[in-house]
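# Observations on the three-dimensional arrangement
In case you want the letters, here they are:
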Amino acid sequence: MEGYTQRMVNEYRELKERTDKLGIMLDRWLFNDLDFEPSCPFELLDSQFHVMKVYLSILKQRAEIEGVSLDD
């Protein structure tokens, strides 16, 4: 796998993991199930979550166009 291709796969996987974790945290926040007090407002983190999901979608489209497999 070429260098840029591997970087794209790594970027996608890392972003996917972080997006998933942020989504879980936001869900737990809504159910008052956090064991800490976030310093950022919910709305800001929720906006970040949605932007991250959009970026994931863009990376998926780009990978499809360039013939890059994002699967393990």
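I will try to describe carefully the structure that is included in this document. What you see is a predicted model, and the numbers here were worked out from it, not measured in a lab.

### Points about the overall build of the protein
Of regular secondary structure, the protein possesses two helices and zero strands. In terms of overall dimensions, the protein has C-alpha extents of about 45 × 20 × 15 Å along its principal axes. Scored against the burial criterion, the 72 residues of the protein give a buried share of 28%. Sequence-distant contacts in the protein: of pairs separated by 6 or more residues, those separated by 24 or more amount to 62%.

### Examining the packing of helix α1 (residues 3-30) against helix α2 (residues 42-66)
One way to put it is that α1 packs onto α2 with a least axis distance of 9 Å and a crossing angle of 150°. Taken as axis vectors, α1 and α2 run roughly antiparallel relative to one another. The handedness of the crossing between α1 and α2 comes out as left-handed. Each residue belonging to the contact of α1 with α2 can be placed in one class, and the counts come to 17 nonpolar, three polar and eight charged.

### Quick look at the packing of aromatic side chains
Counting across every chain of the model gives one aromatic pair. Where Trp-29 meets Phe-42, the ring centres are 5.2 Å apart and the plane angle is 80°; that geometry is what we call edge-to-face. Note that Trp-29 is positioned in helix α1 and Phe-42 in helix α2, a separation of 13 residues in sequence.

### What about the pattern of salt bridges?
The tally for this structure, following the rule as stated, stands at four salt bridges. Salt-bridge contacts for Glu-17 lead to Lys-21; the nearest nitrogen and oxygen are separated by 3.0 Å. Separated by four residues within a single helix, Glu-17 and Lys-21 lie in helix α1, roughly one turn from each other. For Glu-17, a relative accessible area of 44% gives the class partly exposed. By relative accessible area, Lys-21 is classed as exposed at 52%. The closest approach of N and O atoms between Arg-62 and Glu-66, which form a salt bridge, is 3.0 Å.

Cut-offs applied
Every chain begins its residue count from 1, and numbering advances along the sequence as written. Totals for whole chains, interfaces and linings use every residue, but because this is a predicted model, local features are given only for residues with pLDDT of at least 70 and side-chain atom pairs only at 80 or more, for both listing and counting. Hydrogens are left out, water is left out, and the side-chain values use all remaining heavy atoms of the structure. A run of H or I in DSSP counts as a helix once it spans at least four residues, and a run of E counts as a strand once it spans at least two, with each numbered from the N terminus. Think of it in three bands: residues with accessible area under 20% of the maximum for their type are buried, residues over 50% are exposed, and the middle band is partly exposed, with areas taken using a 1.4 Å probe on protein chains only. We call two residues contacting when some pair of their heavy atoms lies within 4.5 Å. Angles here are taken between N-to-C directions and fall from 0 to 180 degrees, while the axes themselves are lines fitted to C-alpha atoms, restricted in helices to the stretch in contact. Angle categories are assigned with fixed cut-offs, so that under 35 degrees is roughly parallel, over 145 is roughly antiparallel, 65 to 115 is roughly perpendicular, and the rest are oblique. The crossing is said to be left-handed when, going from far helix to near helix, the turn is anticlockwise and less than a right angle, and right-handed when the turn is clockwise. All residues other than Ala, Val, Leu, Ile, Met, Phe, Trp, Tyr, Cys, Pro, Asp, Glu, Lys and Arg, Gly among them, are scored as polar; the first ten of these are nonpolar and the last four charged. Ring pairs are drawn from Phe, Tyr and Trp, using the six-membered ring of Trp, whenever the two centres fall within 6.5 Å, and their geometry is named by plane angle: stacked under 30 degrees, edge-to-face over 60, tilted for the rest. A pair is scored as a salt bridge if a Lys or Arg side-chain nitrogen falls within 4 Å of a carboxyl oxygen belonging to Asp or Glu.

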